[in-house]
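# Coordinates in review
Next come the chains, spelled out residue by residue.
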Amino acid sequence: MRVGPSAMTAASKPAALTDRVARVERIYVLHRDRVFRWALRYGAGDVRWAEDVAHDVFVKLLRAIDRLDDDEELARWLYRVTTNRCLTKLKRDRVRASLFALVAGFGIFEPQHVALDAATAAKDELQKTLEVVRSLPPKERIAFSMLHLDGKSQNEIAEIMGLSKGYVSKLLARATERVRAAGYEVDA
Amino acid sequence: MSTRESFPRAWRRADESFAKLRPSRELDLRVEASWGRARRGFGFLIGATALASAAITMFALSERPGSIDRNLAEFAPASCAPAEPRARLELEAGCRVEIFQPPLIIEAKKALTIERTKNGVRVLKGEVQLDVPELEEKVSVFVSGGRIELEGARFVVEEDGLEGRLQVSTGRIAFLAANGDLRQLEPGRTHVWGTKVAAPKTWSDERTAKEVARVSDYRARGEFDRAAALIVELLEAPIDQRSAEVLSFERGELLEHKLDRRADACAHWRAHAQRFHGGRYRHEIDAAIERCAGNSPSIEE
């Protein structure tokens, strides 16, 4: 004979943590590639960099998962947190590069980039595009990407990045100038 | 008309080329969650970017220092020396490397791929003997089945990315699983870890990756019935064990909590328990089956 569900009480203490981990793990399986790809964009193709960002986002999700009720909210959260994590990391990379240059007296060095597959990396056009992306300061890079790759409006970009619409407009204008100076045109 | 190329178009092409790339490392969230507790309990410092495909944390309880033959420890040919942090080394059998920060002697028993991390090394593939002197500093050795933090031990690790084996030569290692199970390993003992349900480094194919993204899109749009139906299709096609387990659990959740199809959910939970017996979600499955049993008489004969 088996008595009713008394085992639930014993399971409930460890279950709280395991439930959370299990939930995030399912989300990880479904969304990992998407988060990784967003990070690759902002990291201009740096695979290792993007892996670090993706890792940080899902670890952060472990703490936030209880506050996210539905899938739509989750999708927005992932996008926003990935963007902001990339922004923080890009800014930190630039500070680090500047400090290194200051201390060592060398020129600014670029973080080491893990190459894309050989066939892709060999294409000059792709390399040139990524060079231009890397030349954009962090906020400009992200705002420009959100506008032209994700089709976000300036209002949406402002809300996600926590900036005023006017400032976003300036960022986009500056990024456009840089891209044009590099020999490209910026259309819709 | 401008003859310059459109940058948004060029960048979109670059973005499309990124779609072919996948992360090379998997994140084991259970380890991240449990280490959060261990950190508070044992004062470990874990780097924010440390990744381990681990399900286990092992702590060294060495009572006597491991013996290290320092006369033999030397830098092997220059190609063996790690040039920079996070450098990956390919070492041939017999190659011996001594690292001073952190203190560690690496001897490849078979062809070895090892990666230097900030606080130690990550064994990716091969067979290696590791010597760690007993000093104040802890050293971390990452493998697919765990993370070894130790001071003063000698052991051999064999790793192939999904499974591995550990043999203790000197010192004593305690094996602490994420669920709290503790096992002591004495010198001469061998411990293996099998990750038959470990996540692959990539989805099995491009089609599967795209279909899983569709599941996610259906969920985001609130089309839970379509998400559940698509999962059924994915589970009937060739798919790795771990992903199948995760998707199967996802389907159960959809049936029970989103679609309110309780009878279907209960049937699914029972089938899941049979297919993935003792799997990653055994606590949750047990609880789900108990909930289902609550609708029928609570005492079975």
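All of these numbers come straight from a predicted model, not from anything done at the bench.

What counts, and where the lines are drawn
- Residues numbered from 1 in each chain as written.
- Chains lettered and ligands numbered in written order.
- Predicted model: local features only at pLDDT ≥ 70, side-chain atom pairs only at ≥ 80, totals over all residues.
- Heavy atoms only, no water.
- Helix = DSSP H or I, 4+ residues; strand = E, 2+ residues; numbered from the N terminus.
- Buried < 20%, exposed > 50% of the residue type's maximum accessible area, 1.4 Å probe, protein only.
- Areas by Shrake-Rupley, 256 points an atom, 1.4 Å probe, with all protein chains shown as cover.
- Contact = heavy atoms within 4.5 Å.
- Salt bridge = Lys/Arg side-chain N within 4 Å of Asp/Glu carboxyl O.
- Phe/Tyr/Trp six-rings, centres within 6.5 Å; stacked < 30°, edge-to-face > 60°.
- Lys NZ or Arg CZ within 6 Å of the ring centre and 35° of its normal.
- pLDDT = per-residue confidence, 0-100.
- Axes fitted to C-alpha atoms, helices over the stretch in contact; angles between N-to-C directions.
- Parallel < 35°, antiparallel > 145°, perpendicular 65-115°, else oblique.
- Nonpolar A, V, L, I, M, F, W, Y, C, P; charged D, E, K, R; others polar.
- Expected span 1.5 Å × (residues − 1).
- Arc of directions from axis to C-beta.
- Left-handed = near helix turned anticlockwise from the far one by under 90°.

Our next topic: the overall build of chain A. When its secondary structure is counted, chain A shows eight helices and zero strands. Each helix (α) and strand (β) of chain A, taken in turn from the N terminus, gives the series α-α-α-α-α-α-α-α. Evaluated residue by residue, chain A yields a buried proportion of 48% over its 188 residues. Only carbon and sulfur atoms are counted for the fraction: they give 55% of the accessible area of chain A, which is about 9300 Å².

Time to look at the overall build of chain B. Secondary structure assignment for chain B yields seven helices and 13 strands. Counting every position in chain B, which comprises 301 residues, the buried fraction comes to 52%. Sequence-distant contacts in chain B: of pairs separated by 6 or more residues, those separated by 24 or more amount to 49%. When the accessible surface of chain B is summed, it comes to about 14900 Å², and 50% of that surface belongs to carbon and sulfur atoms.

The next thing to look at is the pattern of salt bridges. Evaluated as defined, the whole model comprises 16 salt bridges over all chains. Here Arg32(A) makes a salt bridge to Asp33(A), at a shortest N to O gap of 2.9 Å. Ionic pairing is found between Asp15(B) and Arg41(A), a salt bridge with its closest N-O pair at 2.7 Å. Note that Asp15(B) is positioned in helix H1 (residues 7-18) and Arg41(A) in helix H1 (residues 7-42), a pairing that runs across two chains. Of the two residues, Asp15(B) and Arg41(A), neither departs from the other in class, the shared state being buried. Connected via shared salt-bridge partners are Arg37(A), Arg41(A), Asp150(A) and Asp15(B).

On to the packing of aromatic side chains, then. Counted according to the given criterion, the structure contains seven aromatic pairs over all chains. Note on Phe249(B) and Trp269(B): the rings are 5.2 Å apart at their centroids and 50° apart in plane angle, and the pair reads as tilted. Within this pair, whereas Phe249(B) is found in helix H5 (residues 241-258), its partner Trp269(B) is found in helix H6 (residues 262-275), the two being separated by 20 residues in sequence. The buried category is assigned to Trp269(B), whose relative accessible area is 1%. In this structure, Lys128(A) packs its charged tip against the face of Tyr184(A), placed 4.8 Å from the ring centre. The ring of Tyr79(A) carries the charged tip of Lys152(A) above its face, separated from the ring centre by 4.6 Å.

So, about the confidence of the model for chain A. All names here are of chain A. With 74% of its residues at a pLDDT of 70 or more, chain A shows a mean pLDDT of 77. Averaged over each element, pLDDT in chain A is lowest for helix H4 (residues 118-121) (47) and highest for helix H8 (residues 165-181) (94). Contacts of residues 1-15 to residues separated by more than four positions or lying in other chains number 14 contacts, the stretch itself having pLDDT below 50. Long-range and interchain partners of residues 103-122, a stretch whose pLDDT sits below 50, account for 27 contacts in this model, where long-range means more than four residues apart.

Below, the discussion takes up the packing of helix H6 (residues 138-148) of chain A against H8(A). Residue and element names in this part refer to chain A. Between H6 and H8, the least distance of the axes is 9 Å, while the angle of their chain directions is 95°. The angle between the axes of H6 and H8 places the two elements in the roughly perpendicular class. Along its contact with H6, which presents Lys139, Glu140, Ala143, Phe144 and Leu147, the element H8 presents Tyr167, Leu171, Leu172, Arg174, Ala175, Thr176, Arg178 and Val179. By residue class, the composition of the contact of H6 with H8 is eight nonpolar, one polar and four charged.

It is worth spelling out H6(B) at this point. Residue and element names in this part refer to chain B. With 14 residues, H6 extends 20 Å between its outermost C-alpha atoms, agreeing within 8% with the 20 Å of an ideal straight helix rising 1.5 Å per residue. If you check which residues of H6 are buried, you get Ala265, Cys266, His268, Trp269 and His272. Taken around the axis of H6, the buried residues stretch over an arc of 165°, which confines them to a single face. The exposed residues of H6 that point more than 90 degrees off its buried face are Ala263 and Gln274.

Even without being glycine, Ala44(A) reaches a positive phi, approximately 50°. Along the chain, the position of Ala44(A) falls in the loop between H1 and helix H2 (47-64). One non-glycine residue, Asp260(B), lies in positive phi territory at about 55°. When you line up the elements, Asp260(B) lands in the loop between H5 and H6. Note on Asp260(B): relative accessible area 65%, which makes it exposed.

Right, let's talk about the packing of helix H4 (residues 224-236) of chain B against H5(B) for a bit. Residues and elements named next belong to chain B. Running from amino to carboxyl end, H4 crosses H5 at an angle of 150°, the nearest separation of the two axes being 9 Å. Comparing the axis directions of H4 and H5 gives the class roughly antiparallel. Here the hand of the crossing between H4 and H5 comes out left-handed. On H5, the residues that touch Phe224, Ala227, Ala228, Ile231, Val232, Leu234 and Leu235 of H4 are Ala244, Leu247, Ser248, Glu250, Arg251, Leu254 and Lys258. For the contact of H4 with H5, the class distribution of residues is ten nonpolar, one polar and three charged.

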